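Notes for the structure review
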Amino acid sequence: MKTSTLLARALCAAAALLPFAHAASAAPEVQNVRILSNWFAQPDQAGYWQAQQDGLGKEAGIRISVLQGGPKIQTVPQVASGQAEFGIGNADDVLLARLRGAPVRAVFAHLDHVPYTLVYHADPAVKGIADLQGRTFAVNIGNAYWEWTKKRYKLANTREIPVSGDLSLFRDDPKMVQQGYSLFLPARMAASGLAVQQITLASLGYRPYSVLFTTDELIRTRPALVKAAIAAVQQGWRNYVRDPSGLKPLLTGMNKQISPEIYDAANKLMIETLVSHDLNRVGCMDDARWKELAGQLRSVAFLPAGFDERQAYDRGLVPGCQP
């Protein structure tokens, strides 16, 4: 075959490949979207891990990556400084961070309220929180929920000590009350042979959302990315509620502090009581709830009278929620 014929055929083949080469080079870069959790992997973060596991957001050009938290992780300063695009936190903490000048804003509420609880040794004489007067409370000293609880329920005659994950102090003191999450702490104590009861903070009226937050700058400069990430995690929570079994090996493998049995119980309780039963409204927030929370924080002088709580959240970014 003549050299000229071979050359012509080679040129034709190369020309045929040009559109594909151009399409490949023009493919949009996938943006990694980091979500920093505020504790070790566990069911109350499940929808975010589900979004990562399912590859949600891919069609919008994003990849969800969840970063495991722990006792040394502070999600607000790390998100504010750009170490992650989003963080998981509590609505009261976001309000207080905003007051201190951190440019963060809640954009999605995955749980109806943070499952704060006060756990005590089973005692038929305890009918309500007033009956815990005079006991030792292991708490995060100075935390907003605790200061509100003390004032609202007149718990003046109490001894406070810093809370820890060690249950030995609680075991040895029949009059101790320990803070924790209702999803985990009572079950952990029961598994260790302790008969306990609890009073949840939600039953006392303190109900801050568990939220996903980001920065004002990201909302302003990259609104499409923010909306795509929120849509992805909303679908992650829907997928998880519909079938939570697929995520259990990942989370129990990452967090050895939670046994499979405690995981199952926590998951069941969370889905029944903390996640919206209307899956089309997962993530939605109400102005009235933020106003209620801000009022509670003002009542214990954590927020000044003139502070506008609306600067701490944006209700208009979750699909299906009315702004």
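Look above for the structure.
Residues numbered from 1 in each chain as written. Predicted model: local features only at pLDDT ≥ 70, side-chain atom pairs only at ≥ 80, totals over all residues. Heavy atoms only, no water.

It is worth spelling out the overall build of the chain at this point. Looking only at helices and strands, one finds 13 helices and ten strands in the chain. Once the C-alpha set of the chain is aligned to its principal axes, its extents read approximately 100 × 50 × 35 Å. Burial analysis of the chain (323 residues in total) assigns 48% to the buried set. In the chain, once contacts between residues fewer than 6 apart in sequence are set aside, the share between residues at least 24 apart is 78%. For the chain, the centre of its 34 positive side-chain charges and the centre of its 28 negative side-chain charges are spaced 4 Å apart. (Helix = DSSP H or I, 4+ residues; strand = E, 2+ residues; numbered from the N terminus. Buried < 20%, exposed > 50% of the residue type's maximum accessible area, 1.4 Å probe, protein only. Contact = heavy atoms within 4.5 Å. Lys, Arg positive; Asp, Glu negative; His and termini not counted. Charge placed at Lys NZ, Arg CZ, Asp CG, Glu CD.)

Considering all chains together, one arrives at one disulfide under this definition. Two residues share a disulfide in this structure: Cys 284 and Cys 321, whose sulfurs sit 1.8 Å from each other. The disulfide joining Cys 284 to Cys 321 has a torsion of about -85° about its S-S bond and is therefore left-handed. Highlighted residues: Cys 284 in the loop between α12 (260–273) and α13 (287–299) and Cys 321 in the segment after α13, separated in sequence by 37 residues. (Disulfide = S-S within 2.5 Å.)

Below, the discussion takes up the packing of helix α2 (residues 46–53) against helix α10 (residues 223–242). Contact geometry for α2 and α10: axes closest at 7 Å, N-to-C directions at 105°. What the angle tells us is that α2 and α10 run roughly perpendicular. The segment α2 lies against α10, with Ala 46, Gly 47, Tyr 48, Gln 50 and Ala 51 engaging Ala 232, Val 233, Gly 236, Trp 237, Asn 239 and Tyr 240. Of the residues belonging to the contact of α2 with α10, the class tally is seven nonpolar, four polar and no charged. (Axes fitted to C-alpha atoms, helices over the stretch in contact; angles between N-to-C directions. Parallel < 35°, antiparallel > 145°, perpendicular 65-115°, else oblique. Nonpolar A, V, L, I, M, F, W, Y, C, P; charged D, E, K, R; others polar.)

The subject of this paragraph is the sheet that holds strand β1 (residues 31–36). Taken in spatial order, the five strands line up as β2-β1-β3-β10-β4 in an open sheet, and their pairing is mixed. Only two strands of the sheet have a single neighbouring strand rather than two, namely β2 (62–67) and β4 (104–111). For this sheet, the mean inter-axis angle between neighbouring strands, taken without regard to orientation, is 30°. As judged from the four bridges shared by strand β3 (residues 86–90) and strand β10 (residues 210–215), these two strands associate in the antiparallel manner. By the bridge assignment, Ile 88 is partnered in β10 with Leu 212. (Pairing = 2+ DSSP bridges.)

Overall, the coordinates contain 13 salt bridges when judged by the stated rule. The shortest N-O distance in the salt bridge between Arg 105 and Asp 216 comes to 3.0 Å. Note that Arg 105 is positioned in strand β4 and Asp 216 in helix α9 (residues 216–221), a separation of 111 residues in sequence. Looking at Asp 216, the relative accessible area reads 18%, which means it is buried. Residues joined by salt bridges that share partners form a network here, namely Arg 98, Arg 105 and Asp 216. (Salt bridge = Lys/Arg side-chain N within 4 Å of Asp/Glu carboxyl O.)

Now for the side chain of Gln 50. With respect to the helices and strands, the residue Gln 50 is situated in helix α2. Residues within four places of Gln 50 in sequence aside, it is in contact with Gly 236, Asn 239, Tyr 240, Asp 243 and Leu 247.

Next up on the list: the pairing of β1. With six bridges joining them, β1 and β2 adopt parallel strand pairing. Across the sheet, residue Leu 36 finds its bridge partner in β2, namely Leu 67. Since β1 and β2 lie parallel, the crossover through α2 that links them has a hand, and here it is right-handed. As judged from the two bridges shared by β1 and β3, these two strands associate in the parallel manner. Within β3, the residue paired with Ile 35 across the bridge is Phe 86. (Right-handed = clockwise from strand over helix to strand, strands pointing away.)

Now for the packing of aromatic side chains. The relative placement of two aromatic rings is captured by the distance of their centres and the angle of their planes. Counted under the stated rule, the structure contains eleven aromatic pairs. Measuring from centroid to centroid gives 6.3 Å for Tyr 48 and Phe 108, while their planes differ by 65°, and the two rings are edge-to-face. Of this pair, Tyr 48 sits in helix α2 while Phe 108 sits in strand β4; the two residues are 60 residues apart in sequence, bridging distant segments of the chain. Through successive ring pairs, a cluster of aromatic residues spans Tyr 116, Tyr 145, Trp 148, Tyr 153, Tyr 181 and Tyr 206. Here the guanidinium or amino end of Arg 152 rests over the ring plane of Tyr 153, the centre of that ring lying 4.8 Å away. The ring of Tyr 209 has Arg 289 sitting right over it, with the charged end atom 4.4 Å from the ring centre. (Phe/Tyr/Trp six-rings, centres within 6.5 Å; stacked < 30°, edge-to-face > 60°. Lys NZ or Arg CZ within 6 Å of the ring centre and 35° of its normal.)

Okay, the nonpolar core next. Nonpolar side chains tend to gather and get buried jointly when the protein is soluble and globular. Membership of the largest hydrophobic core comes to 47 residues, with the highest contact counts inside it found for Tyr 48, Ile 64, Phe 86, Phe 108 and Met 270. Contributing elements (two or more residues each) for this core: β1, α2, β2, β3, β4, α9, α10 and α12. For this core, the element with the highest residue contribution is α10, accounting for ten residues. Grouped together as the second largest cluster of nonpolar side chains are 45 residues, Tyr 120, Tyr 145, Met 285 and Leu 303 included. (Core = buried A, V, L, I, M, F, W, Y, C linked by side-chain atoms within 4.5 Å.)

Across a sheet, paired strands are connected by hydrogen bonds in the backbone, their directions being either parallel or antiparallel. The five strands are arranged β7-β6-β8-β5-β9 in an open sheet whose pairing can be described as mixed. Sheet topology places β7 (159–162) and β9 (196–200) at the edges, where each strand pairs with a single neighbour. Sheet twist, expressed as the average angle between the axes of neighbouring strands with direction ignored, equals 30°. Bridging between strand β5 (residues 116–121) and strand β8 (residues 176–181) involves five bridges; their strand directions are antiparallel. In the sheet register, Thr 117 faces β8, and the bridge partner there is Gly 180. The sheet strands contacting helix α5 (residues 144–152) are β5, β6 (136–139), β7 and β8, and the helix crosses β6 at an angle near 155°.

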